[in-house]
Amino acid sequence: MSPFLLTRTLPEDATEAALRGDVLQGLTRTPKTLPPKWFYDAHGSELFEQITELPEYYPTRAEREILVARSGEIAAATGARTLIELGSGSSEKTRHLIDALDLSTYVPVDVSESALTQAGHALIAERPVLQVHALIADFTARLALPDTPGPRLLAFLGGTVGNLLPVERAAFLASVRALLSPGDALLLGTDLVKDENVLVRAYDDAAGVTAAFNKNVLSVVDRELGADFDPAAFDHVALWDAENEWIEMRLRSRTAQTVKIPALDLAVDFAAGEELRTEVSAKFRKEGVRAELSAAGLDLARWWTDREGRFALSLSVAR
Ligand SMILES: C[S@@+](CC[C@H](N)C(=O)[O-])C[C@H]1O[C@@H](n2cnc3c(N)ncnc32)[C@H](O)[C@@H]1O
């Protein structure tokens, strides 16, 4: 069996320092916000996997349908020897792509060490000749990738790009382009604008799994920074912002309350009904995706959707 390499690109205390910075900045401003990357401790990653199986959460099934149908074309078009995947999580859907490509190395990149470890061990057991070099890293920070054979295909699936605000997305896509050589490709999963009810239900399921996922960020702050958030004192909110064409997930304080965060020597007041934004999930249209890619130096080459036109995978090539 080939070895499974796991590299932490940042020292462990850098993660805690980043959490402190985000919590201090996000909870002392109006409106209050926290970045979505802090959902994903081991429990949050597990809850996300449960979300992908929910009847209301169509994006995973839709994207898998496209990957099953198109991985052969993607392999033929790119000839990729290295597959880099940002926010790879369980790498579940990626297996279709891995099997179609004639790969030397797979480089999954994620903030969740538990997800990377589980996925990496499973992959090398199933595919003994595949080299897996996983990186624990923040894809919004400067990434240092291992030196692996080209051509490179960089995949960013799941619609996770929609969790970045437009200005962050522009910087992110430019940084992705900088990781590629001319002719290398980006495979980008984008959820598409559709009926509001379908969208809201995908983020507010009947079984309450997304609510538990949303509240998990409070448990992460409690554990890591000694805070006394009571997740039960907040309600899960998912709403469609028609102007920005994104879903917002929020946590709404049920009562007026003060939360103490000893590691920051901070007390945070919430008014009754006050909301903390925990995630945006932008929904896209083809021409918008083409324009954003082009601005970053990537030319849209292929655009595939599932049969119901709910989700798109685009293949773009670095200029
Ligand atoms: C919405 S999930 C998608 C997972 C998988 N790609 C899929 O399509 O099912 C987002 C993934 O990105 C990871 N993630 C979120 N923010 C990140 C960041 N800033 N840097 C690296 N990974 C991040 C999470 O741990 C999680 O595995």
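See the structure shown above.
Let us look at the structure shown here. All residue numbers here refer to positions counted from 1 along the written sequence of the relevant chain. Reporting in this predicted model follows two pLDDT cut-offs: at least 70 for local features of residues, and 80 or more for side-chain atom pairs to be given and counted; totals over whole chains, interfaces and linings ignore these cut-offs and use all residues. The basis for every side-chain value is the complete set of heavy atoms in the structure, and neither hydrogens nor water enter the calculation.

## A few points about the overall build of the protein
Piece 1. Strands are runs of DSSP state E lasting at least 2 residues, helices are runs of H or I lasting at least 4, and numbering of each runs from the N terminus. A tally of regular secondary structure across the protein gives nine helices and 14 strands.
Piece 2. Throughout, radius of gyration means the C-alpha value; the globule benchmark is 2.2 Å times the number of residues raised to the power 0.38. The C-alpha atoms of the protein give a radius of gyration of 19 Å, which matches the 20 Å a tight globule of 319 residues would have.
Piece 3. In terms of overall dimensions, the protein has a C-alpha envelope of 60 × 40 × 35 Å along the principal axes.
Piece 4. Put simply, 69% of the contacts in the protein that link residues at least 6 apart link residues at least 24 apart.
Piece 5. Of the charged side chains in the protein, 33 are positive and 47 negative; the average position of the first set lies 4 Å away from that of the second. Contact definition: two residues touch when any of their heavy atoms are within 4.5 Å. In this count, Lys and Arg are taken as positive residues and Asp and Glu as negative ones, while His and the chain termini are left out. By convention, the point assigned to a charge is CZ for Arg, NZ for Lys, CD for Glu and CG for Asp.

## What to know about the environment of A295
Piece 1. By secondary structure assignment, the location of A295 is in helix α9 (residues 286-295).
Piece 2. For the pair A295 and L173, spaced 122 residues apart in sequence, the C-alpha to C-alpha distance is 8.7 Å.

## Points about the sheet that holds strand β1 (residues 4-8)
Piece 1. In short, DSSP must find at least two bridges between two strands for them to pair. Reading across from one edge, β1-β5-β4-β3-β6-β7-β14-β13 is the order of the eight strands in this open sheet, with mixed pairing throughout. The strands lining the two open edges of the sheet, one partner per strand, are β1 and β13 (298-305). If you compare each strand with its neighbour and ignore which way they point, the axes differ by 20 degrees on average.
Piece 2. Here strand β7 (residues 185-191) pairs with strand β14 (residues 311-318) via seven bridges, running antiparallel. To obtain each axis, a line is fitted to C-alpha atoms, and for helices this fit is confined to the stretch in contact; angles are then taken between N-to-C directions over 0 to 180 degrees.

## Quick word on the site of the ligand
Piece 1. Here, proximity means that at least one heavy atom of the residue falls within 4 Å of the molecule or strand. Taken together, 17 residues sit near the ligand, with G87, K93, D110, D138 and F139 positioned nearest.
Piece 2. Take K93: an N or O atom from its side chain is 2.6 Å from an oxygen atom of the ligand.
Piece 3. For this analysis, a polar contact is any N or O atom pair within 3.5 Å, provided that within protein one partner can donate a hydrogen and the other can accept it, and provided that sequence-adjacent residues contribute only side-chain to side-chain pairs. D138 is positioned such that a nitrogen or oxygen atom in its side chain is 2.8 Å from a nitrogen atom of the ligand.
Piece 4. Residue-level accessible areas treat just the shown protein chains as cover; the underlying method is Shrake-Rupley with a 1.4 Å probe. Out of a free accessible area of 590 Å², the ligand has 93% covered by protein chains.

## Quick word on the side chain of D184
Piece 1. In this structure, D184 sits in the loop between α6 (166-179) and β7.
Piece 2. Among residues more than four places away in sequence, those in contact with D184 are P151, R152, S316, V317 and A318.

## Considerations on the pattern of salt bridges
Piece 1. Here a salt bridge means any side-chain nitrogen of Lys or Arg lying within 4 Å of a carboxyl oxygen belonging to Asp or Glu. For the coordinates displayed, the defined rule picks out 27 salt bridges.
Piece 2. Of the charged contacts, one joins E63 and K93 as a salt bridge, the two residues approaching to 2.4 Å between their closest N and O atoms. With E63 in helix α3 (residues 58-78) and K93 in the loop between β3 (82-86) and α4 (94-100), this pair connects stretches of sequence that are 30 residues apart.
Piece 3. Working definition: with a 1.4 Å probe on protein chains only, accessible area under 20% of the residue-type maximum means buried, over 50% means exposed, and in between means partly exposed. For E63, a relative accessible area of 0% puts it in the buried group.
Piece 4. Classification of K93 by relative accessible area gives buried; the value is 13%.
Piece 5. Of the charged contacts in the structure, one is a salt bridge between E65 and R307, with a shortest N-O distance of 3.8 Å. Of this pair, E65 sits in helix α3 while R307 sits in the loop between β13 and β14; the two residues are 242 residues apart in sequence, bridging distant segments of the chain.
Piece 6. Of the residues examined, E65 reaches a relative accessible area of 22% and is grouped as partly exposed.
Piece 7. Judged by its relative accessible area of 75%, R307 is exposed.
Piece 8. Salt bridges sharing common partners tie together E92, R95, D99, E126 and R127.

## A look at the sheet that holds strand β8 (residues 234-241)
Piece 1. The strand order across the open sheet formed by four strands is β2-β12-β9-β8, and the pairing between neighbours is mixed. Of all strands in the sheet, those with a lone pairing partner are β2 (32-33) and β8, marking the two edges.
Piece 2. Bridge analysis of strand β9 (residues 246-253) against strand β12 (residues 275-282) gives seven bridges, and the strand direction is antiparallel. Paired with R250 across the two strands is R277, which belongs to β12.

## Considerations on the packing of aromatic side chains
Piece 1. Here a pair means two rings of Phe, Tyr or Trp (six-membered ring of Trp) with centres within 6.5 Å. Their orientation is stacked below 30 degrees between planes, edge-to-face above 60, and tilted elsewhere. For the structure on display, the rule yields 13 aromatic pairs.
Piece 2. The interplanar angle of 75 degrees and the centroid separation of 6.1 Å between the aromatic rings of Y57 and Y203 together place this pair among those described as edge-to-face. With Y57 in the loop between α2 (42-51) and α3 and Y203 in the loop between α7 (196-202) and α8 (209-225), the pair connects residues that are 146 residues apart, well separated along the chain.
Piece 3. Using a relative accessible area of 7% as the deciding quantity, one classes Y57 as buried.
Piece 4. Measuring from ring centre to ring centre gives 5.0 Å for F156 and F172, while their planes differ by 45 degrees; the resulting arrangement is tilted. Within this pair, whereas F156 is found in strand β6 (residues 152-156), its partner F172 is found in helix α6, the two being separated by 16 residues in sequence. You'll find F156 and F172 in the same group, each marked buried.
Piece 5. Within the aromatic cluster, the residues linked to one another by ring pairs are F39, Y40, F48, Y57, Y203 and F213.

Nothing here speaks to function; it is all geometry.
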